[in-house]
Amino acid sequence: MRTKLFLPVVATCCAFALFAGACSSTEDSKNKDAEATTTVKAEKETTTTTAAPTETLAALLVADPQLSEFSGLATEAGLNAMLTDGGPFTVLAPTNAAIDTVPAATMTALEQDPKGALANVLKLHILSGNVTWDDLSEKNGQCVATLGGNVKVTVEGEGDDAAVDFGGAPVPAQDGVKAVNGTILKVDGVTTAPATDC
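Just so you know, these numbers come straight off a predicted model, no measurement behind them. Sequence positions are assigned chain by chain, starting from 1 and proceeding in written order. It should be noted that, the model being predicted, local features are given only for residues of pLDDT at least 70 and side-chain atom pairs only at 80 or more, the latter also being counted only at that level, while totals for whole chains, interfaces and linings use all residues. Excluding hydrogens and water, the side-chain values take into account all heavy atoms of the structure.

J.: In this structure, what is going on with the overall build of the chain? I would like to understand it.
T.: Helical segments are the DSSP runs of H or I of at least four residues, strand segments are the runs of E of at least two, and each set is numbered from the N terminus. Along the backbone of the chain there are eight helices and eight strands. By residue count, 30% of the 198 residues in the chain fall in the buried class. Note on definitions: a residue-residue contact is assigned when non-hydrogen atoms from the two residues lie within 4.5 Å. For the chain, long-range pairs separated by at least 24 residues make up 68% of all intrachain contacts whose partners lie at least 6 apart in sequence. When the accessible surface of the chain is summed, it comes to about 11900 Å², and 57% of that surface belongs to carbon and sulfur atoms. Exposure classes here rest on a 1.4 Å probe applied to the protein chains alone. A residue is buried below 20% of its type maximum, exposed above 50%, and partly exposed in between. Accessible areas in this description were obtained via Shrake-Rupley with a 1.4 Å probe; residue shielding takes into account the shown protein chains only.

Shown next as C-alpha cells:
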C-alpha cells in the first residue's frame, strides 16, 4: 500500500521538477534576450551624427572676424555670387593679419582694378573641390590648380608638425570650416602671383 501511495507522489514531484526547470530555462532565455536588447539600445543611443553645414562660403567668410578683410576684397572683386552659389570650392583665406603684411602700394594697385588684378589674386586662393590640410601636406613640391593659375606647395616635416606653404602663404595645421559649398582653410600669408616653375 505504501508503494501505491509512494509512486504517485514521486511521479508528481518529478513532473513538478521538470516543469519548474522548463520555466526557469524560459525565464533565463527571456533575461538573456532582454540583456541583448538593452545592449543594442545602448549602442544606438551612443551613436552620434555630425550636423551638415548650413552656411555658404560667402556667409562664413563674412561671419568670421579674422577674415573680414578677405571677405570685403571678395565683394569688391565680384566673387560673392560664385562663393554663394558655386562650388564646391576650397578657399585658402588669408587672415586680416596676413593681408596687413601686403605692401600698401600693392594693395592700392590691386584695389584700383577690382574685377581684374584683385580678382586674379583672390582666385589664387580658391581651388575646385574640397581640399583638406592633410591633402595639401601630401603635395610637397607639386603645383595645384587654382581658379587663378597654378600654385606650388612646399612641405617641411611630417604629420601634424609639418609646415605647409602655399605659394608663399603658410597654412597652419587645421580641420578647416565646412560650408554647404566647400571648405575654408585659414592661411597666414597672401599668394600674389601664380607659380612660374610648374
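J.: What exactly am I supposed to notice about the sheet that holds strand 3 (residues 143-146) here?
T.: Backbone-to-backbone hydrogen bonds join strands into a sheet, with any given pair of strands oriented parallel or antiparallel. Spatial strand order, 3-4-5-6: four strands in an open sheet with antiparallel pairing. Each having just a single partner strand, strand 3 and strand 6 (169-171) make up the two edges of the open sheet. This sheet shows a mean twist of 30° between the axes of neighbouring strands, independent of strand direction. Of the pairings in the sheet, the one linking strand 3 to strand 4 (residues 149-156) comprises four bridges and is antiparallel in character. Here the rule is simple: two strands pair whenever DSSP picks up at least two bridges between them. To get an axis, fit a line to the C-alpha atoms, keeping to the stretch in contact for a helix; angles then go from 0 to 180 degrees between the N-to-C directions.

J.: Is there a simple way to explain unusual backbone geometry in this structure?
T.: Of all residues except glycine, most have a negative phi; of all peptide bonds, most are trans. Here the residue pair Gly87 and Pro88 is connected by a cis peptide bond, since its omega of 10° sits within 30 degrees of zero. By secondary structure assignment, the location of Pro88 is in the loop between helix 4 (80-85) and strand 1 (89-94).

J.: Where do I start with the environment of Val177 in this structure?
T.: Tracing the sequence through the fold places Val177 in strand 7 (residues 177-179). By relative accessible area, Val177 is classed as partly exposed at 37%. Sequence spacing of Val177 and Pro53 is 124 residues, and the spatial spacing of their C-alpha atoms is 9.1 Å.

J.: Explanation requested: a negative patch on the surface in the structure shown.
T.: For patches, a residue must show more than 30% relative accessible area and have no salt bridge; joins then use 9 Å for like charges and 5 Å for nonpolar side chains, namely Val, Leu, Ile, Met, Phe, Trp and Tyr. Every case where a carboxyl oxygen of Asp or Glu lies within 4 Å of a side-chain nitrogen of Lys or Arg is listed as a salt bridge. Positive charge is attributed to Lys and Arg, negative charge to Asp and Glu, and no charge count is given to His or to the chain ends. By convention, the charge on Lys lies at NZ, on Arg at CZ, on Asp at CG and on Glu at CD. Taken together, the side chains of Asp134, Asp135, Glu138, Asp160, Asp161 and Asp175 define an acidic patch exposed on the protein surface. By secondary structure assignment, the location of Asp160 is in the loop between strand 4 and strand 5 (163-166).

J.: Explanation requested: the sheet that holds strand 7 in the structure shown.
T.: Strands sit in the order 2-1-8-7 across an open sheet of four strands; the sheet is mixed. Edge positions in the sheet fall to strand 2 (126-128) and strand 7, since each of these pairs with one other strand and no more. Strand-to-strand twist in this sheet, taken as the mean axis angle between neighbours without regard to direction, amounts to 20°. Sheet topology places strand 1 next to strand 2; three bridges connect them, and they run antiparallel. Counterpart to Val91 in the pairing with strand 2 is Ile126.

J.: What is the right way to look at empty space enclosed by the protein in this model?
T.: Rolling a probe over the atoms, with the probe sized like a water molecule, indicates the empty space that remains. Of the two site types, the cavity is a set of points on a 1 Å grid over the protein atoms alone where a 1.4 Å probe fits but cannot get out, and the pocket is an open set with protein on both sides within 12 Å along at least five of seven lines, each lined by residues with an atom within 4 Å of a point. Grid points are joined across faces, edges and corners, and a volume is the space filled by probe spheres set on the points. Enumeration according to the criterion identifies one cavity of 30 Å³ or more in this entry. What the largest cavity holds in volume is close to 80 Å³. Around the largest cavity, the lining is made up of 13 residues, and of these Leu73, Met107, Val121, Leu122 and Val190 lie nearest the centre. At the level of elements, helix 3 (68-76), helix 6 (104-111) and helix 7 (114-123) are the ones that each hand at least two residues to the lining of the largest cavity. Among the elements that line the lining of the largest cavity, the one with the most residues is helix 7, at three residues. Of the residues belonging to the lining of the largest cavity, the class tally is 11 nonpolar, two polar and no charged. Residues are grouped as follows: Ala, Val, Leu, Ile, Met, Phe, Trp, Tyr, Cys and Pro are nonpolar; Asp, Glu, Lys and Arg are charged; every other residue, Gly included, is polar.

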